[in-house]
Each structure stands twice: as structure tokens, then as C-alpha cells.
Amino acid sequence: MNLVLESLQMLCLVLYYWLESIYLSIIPASVRGKDVSGETVLITGAASGIGRLLAKRFANLGCRLVLWDINKEANETTAKEIRKQGVTVRTYRVDLSNQKDIFAAADKVRTEVGQVDILVNNAGIVSGKKFLECSDEMVRKTMDVNVMAHFWTVKAFLPTMMKRDHGHVINIASSAGLIGVNGLADYCASKFAVVGFNESLQFELDSLGKTGVNTTLVCPYLVNTGMFDGCQAKFPWILPMLLPEEVADGIIEAFLCNQRVVYLPKLLYFFLALKGFLPTKCLFLICNFMGANSMMDTFKGRTK
Ligand SMILES: NC(=O)c1ccc[n+]([C@@H]2O[C@H](COP(=O)([O-])OP(=O)(O)OC[C@H]3O[C@@H](n4cnc5c(N)ncnc54)[C@H](O)[C@@H]3O)[C@@H](O)[C@H]2O)c1
């Protein structure tokens, strides 16, 4: 095809996808969402916060659950709550900072449960210290849990999804993967990496024609799970801490509709657009005004 025709086709498709996204945004997920009952979903970091809530939401959708976490007891508590819903659940104690542990657990899952249809890379940690105060070990661990673990779980489970041309990978990043924050350099680096990984993976799947395998990148602002306890939003009436329930609901809605990217709250789309066209100094000024320079000053983090 010559370049003129190719350009015209591209412009028409851009317009079509734009109109399609407007049309889809007004139809509720309950109407246009896919049916995933009977599918197997593996959630990392299922013992707490967003992971536990997602496990409950997937159980409501009729999925079989595989729950991974380093905290065996709390992971069992999640499983116990879900079994009440009459759903099949298996728990595994996995240290996601350890590649061998991940591959060994993946082998066990394949033998004991079978194929995984939906993979949710959710587990995460935060040091909450200025970069030079973070020990080398902590920096490494943050990268291992927050991003390297995504590489290893995807290596373990994506090949079968691709062979069947059926599956979904949900990667939980953060708004800290879109805009840097004072006092979160290691965390932001790990989350920026997740954003790049997810985007590239989706390009790879598209280029291979794997239309049945989807990815969803999730970037929430601060969520009230305990992970960022003590952090203060400077303008809570503009950007309040999110409720874990609203984040879990937002993730499930995006997943059911095969939405590729979801920022929570929606205001983040506006900030990201600003980042795209404002001069860098203006961006830093606005971020500082919004409290990005002081947000972590009162950070305590998870105390239990
Ligand atoms: N809480 C927030 O403000 C916020 C905001 C944006 C993004 N996120 C991201 O959302 C995800 C879930 O966060 P949350 O707030 O529910 O946190 P959380 O602390 O409640 O849950 C994290 C889970 O990961 C598990 N985990 C930690 N290290 C592990 C390891 N080495 N091996 C296995 N499991 C391990 C923990 O045991 C815990 O169950 C994380 O990736 C986090 O970075 C959180």
C-alpha cells in the first residue's frame, strides 16, 4: 500500500477508535463486560489491601482462584473468606522477590490447578525513604517485588495464554509510575518500569496478532490500604486518598471491558496531559504546589 493510502487508513482508524472509546465509555461494564466464570485467576499479593478485594471480586464473577503471597496466614484468611462464597481457592506461599521461588510455585500451580487464564501482578512494597537513605538491599527488593516479579510471572504464564490465544494480564503500577515523587525514587522507578513493560507487552501481543490475550495497566493514586499510611494529600478535596473498594471496582470494570489502561481517579488523565505539553519547570512547580514535594514527609507506611 502506498504511503498516502496508509496514512489515510491510519487517520480513519484513529477517528474510529476515538468515537468507539466515547461510545464504550457510556455503556456500563455490566452490559458490555466479558463473561469469565469458570476461568482461573492468579493474584499476587492477595493477603491484603487491593489484592484481597480483587480476590473477592473475581470470586463473585465465578472464577477459580490461585492466591500468592509471602504472608501465609493472611493469605489463608483471604481464602477462608472466599471459600464461603463456594469458590475453589488454592493458596501458595511465594516470595516474589525470589525468581526461583516464583518459577517453582508456577510449576506447582500448573500441576495442581492447570492453566492460568488471568494473571494479576499486584504485590508491591514501598520503602518510603529518600533515595540515599534506602539500603542497597531495600532498593533491590523494591525492584524485585514491584517489577522483576512481573517479568517472571509473565514468562511463566503468558506462553500458554498465547498458545490458546486467550488470557488477560493485569499489571498494577501506580500514579507514581507516571509522575515522580519526592521521597519515592526507588518506588517510582519500579512503577515507571511496570508502565513501560505493560505498554511494550501489549505492542508485542498486537504485532503477533494475539487479539485474545489482553493486558490492563492500572495506575491508582494513593489508596487507603495502609501501604502509604501517614501520607498527606495537600488538597484532599481535589485529590483525596482513594478507597480500596473503589479501586478494586475500577480495576474489575476495566478488566471486564478489556480496557488497556486505567488511571484512578480520572483526574490523573488531565495531569498526564499537562505533563505532555507543559515546560518541565512548570510541571515541577505545579507538582510541588499540589504537594508532591511534601507528601512523603509524614509517611509511616504499613505498621502491621
Ligand atoms: N496503597 C496505595 O496507595 C497504592 C497506590 C498505587 C498503587 N499501589 C499498588 O497496588 C498494589 C497493592 O497495594 P496495596 O495497597 O494493596 O498494598 P498492601 O501492602 O495492602 O498489599 C501488598 C501485598 O503484597 C504482599 N507482598 C509484599 N512483598 C511480597 C513478597 N516479597 N512476596 C509475596 N508477596 C509480597 C504483602 O504481603 C501484601 O499482602 C501494589 O503493587 C502497590 O504498589 C498502591
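Scoring rules and cut-offs
Residues numbered from 1 in each chain as written. Predicted model: local features only at pLDDT ≥ 70, side-chain atom pairs only at ≥ 80, totals over all residues. Heavy atoms only, no water. Helix = DSSP H or I, 4+ residues; strand = E, 2+ residues; numbered from the N terminus. Rg over C-alpha atoms; globule rule 2.2 N^0.38 Å. Buried < 20%, exposed > 50% of the residue type's maximum accessible area, 1.4 Å probe, protein only. Contact = heavy atoms within 4.5 Å. Lys, Arg positive; Asp, Glu negative; His and termini not counted. Charge placed at Lys NZ, Arg CZ, Asp CG, Glu CD. UniProt positions renumbered as here; feature names shortened; annotations may be inferred. Pairing = 2+ DSSP bridges. Axes fitted to C-alpha atoms, helices over the stretch in contact; angles between N-to-C directions. Parallel < 35°, antiparallel > 145°, perpendicular 65-115°, else oblique. Left-handed = near helix turned anticlockwise from the far one by under 90°. Salt bridge = Lys/Arg side-chain N within 4 Å of Asp/Glu carboxyl O.

> Can you walk me through the overall build of the protein in this structure?
Of regular secondary structure, the protein possesses ten helices and seven strands. On C-alpha atoms alone, the protein measures out to a radius of gyration of 20 Å, which is about the 19 Å that the 2.2 N^0.38 rule sets for 304 residues. Structurally, the protein occupies a C-alpha span of about 60 × 55 × 35 Å along its principal axes. The burial tally for the protein puts 46% of its 304 residues in the buried class. In the protein, the proportion of contacts linking residues at least 24 apart, taken out of those at least 6 apart, comes to 69%. Charge centroids of the protein, computed over 32 positive and 28 negative side chains, lie 3 Å from each other.

> Please explain the UniProt feature "transmembrane region" (unreviewed entry) in the protein as it appears in this structure.
The UniProt feature table records "transmembrane region" (unreviewed entry) at residues 267–292. Across residues 267–292, the secondary structure splits into 81% helix and 0% strand, with the terminal C-alpha atoms separated by 15 Å.

> Explain the pairing of strand 4 (residues 118–121) to me, please; I cannot follow it from the model alone.
Within a regular strand, the side chains alternate between the two sheet faces. Residues I118 and V120 point to one face of strand 4 and L119 and N121 to the other, with burial holding for every one of them. Judged from the three bridges that link them, strand 1 (residues 40–44) and strand 4 form a sheet pairing that is parallel. Bridge assignment links L42 to a residue of strand 4, and that residue is L119. Taken together, the four bridges between strand 4 and strand 5 (residues 167–172) define a ladder with parallel strand orientation. When the bridges of strand 5 are listed, L119 appears paired with V169.

> So what exactly am I meant to see when it comes to the packing of helix 3 (residues 49–60) against helix 8 (residues 244–256) here?
Helix-helix packing: each pair is described by the crossing angle between the helix axes and the interaxial distance. Taken N-terminus to C-terminus, the directions of helix 3 and helix 8 make an angle of 50°; their axes are 9 Å apart at the nearest point. In this view, helix 3 runs oblique relative to helix 8, as classed from their interaxial angle. Between helix 3 and helix 8 lies a crossing of right-handed hand. Between helix 3 and helix 8, the residues in contact are I50, L53, L54, R57 and F58 and P244, E245, V247, A248, D249, I251, I252 and F255, respectively.

> Hey, could you run me through the sheet that holds strand 7 (residues 261–264) in this one?
The strands that make up a sheet are held in pairs by hydrogen bonds between backbone atoms, and each pair lies either parallel or antiparallel. Judged by pairing direction, the sheet is parallel, and its seven strands sit side by side in the order 3-2-1-4-5-6-7 without closing on themselves. Two strands in the sheet have a free side with no partner beyond their single neighbour: strand 3 (89–93) and strand 7. Pairwise comparison of adjacent strand axes, ignoring direction, gives a mean angle of 15° for this sheet. Summarising the sheet, strand 5 and strand 6 (residues 213–220) pair through six bridges and their orientation is parallel. The residue of strand 6 that forms the bridge with G167 is V213. Contacts between helix 3 and the sheet are confined to strand 1, strand 2 (64–69), strand 4 and strand 5, with strand 1 contributing the most and set at about 170° to the helix.

> Please clarify how the pattern of salt bridges should be interpreted in this entry.
A side chain of one charge can pair with a side chain of the opposite charge when the charged atoms of the two come close. One pass over the full model with this rule turns up seven salt bridges. R90 serves as the salt-bridge partner of E112, at 3.6 Å between the closest nitrogen and oxygen. On the criterion of sequence distance, the pair formed by E112 in helix 5 (residues 99–112) and R90 in strand 3 is long-range, its members being 22 residues apart. Between R110 and D107 there is a salt bridge, with its nearest N and O atoms 2.8 Å apart. Taken as a pair, R110 and D107 lie in helix 5 at a separation of three residues, close to a single helical turn. Taking relative accessible area as the criterion, R110 reaches 35% and is therefore assigned partly exposed.

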